[in-house]
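Descriptive structure summary
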Amino acid sequence: MAVFELYECFFFVIGRIIVGLYFLFGAYNHWVHLKTMGEYAGSKGVPAPGFASAFTGLMLFLGGLSILFGVFTIIGIIILEVFLLGVSFKMHNFWTYQDPQQRMAQQVNFTKNMALFGFLLMLLYLSHWPVSL
């Protein structure tokens, strides 16, 4: 293996750890703040908001583990893609806000989620993940 390939592998693994932990941290926040998350989801018209918040926390957890360890990556990525699409358009619908500050905050979250969605689409392209279980 050439030196450049070792660096590529190293950077990919470091990036994978960061992204996996990002989603795992999101899962942790969903569960630790389940009541608050459920109340917010309810205010956005989500049916069974407590269950929905717990379930989306599970989606983040499974997807985050998948990316972190490189196991069942296609399934994990699809779970995260479904999560991001649902949450982005339902919970961060910035175009419905009149208050400029609230609109901007929701727009930041929406565009962040769309960037993550695009990143996950790129990961689907990879057939082999180095240093995976």
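Presented here is an overview of the structure given in this document. Since the structure is predicted, the reported quantities are computational estimates derived from the model, not experimental observations. (Residues numbered from 1 in each chain as written. Predicted model: local features only at pLDDT ≥ 70, side-chain atom pairs only at ≥ 80, totals over all residues. Heavy atoms only, no water.)

Overview of helix H4 (residues 73-91)
Taking 1.5 Å per residue as the helical rise, H4 with its 19 residues ought to reach 27 Å, and the 26 Å between its terminal C-alpha atoms agrees with that figure. Burial in H4 covers these residues: Thr73, Gly76, Ile77, Leu80, Glu81, Phe83, Leu84, Val87, Ser88 and Met91. (Helix = DSSP H or I, 4+ residues; strand = E, 2+ residues; numbered from the N terminus. Expected span 1.5 Å × (residues − 1). Buried < 20%, exposed > 50% of the residue type's maximum accessible area, 1.4 Å probe, protein only.)

Some words on the side chain of Asn93
Along the chain, the position of Asn93 falls in the loop between H4 and helix H5 (100-125). The residues touching Asn93, leaving out its near neighbours within four places in the chain, are Lys44 and Ser88. (Contact = heavy atoms within 4.5 Å.)

Some remarks on the packing of aromatic side chains
Scanning all chains against the criterion turns up 10 aromatic pairs. Measuring from centroid to centroid gives 5.1 Å for Phe94 and Trp95, while their planes differ by 75°, and the two rings are edge-to-face. The interplanar angle of 90° and the centroid separation of 5.4 Å between the aromatic rings of Trp95 and Phe110 together place this pair among those described as edge-to-face. Separated by 15 residues along the polypeptide, Trp95 in the loop between H4 and H5 and Phe110 in helix H5 bring together distant segments of the chain. Within the aromatic cluster, the residues linked to one another by ring pairs are Phe89, Phe94, Trp95 and Phe110. (Phe/Tyr/Trp six-rings, centres within 6.5 Å; stacked < 30°, edge-to-face > 60°.)

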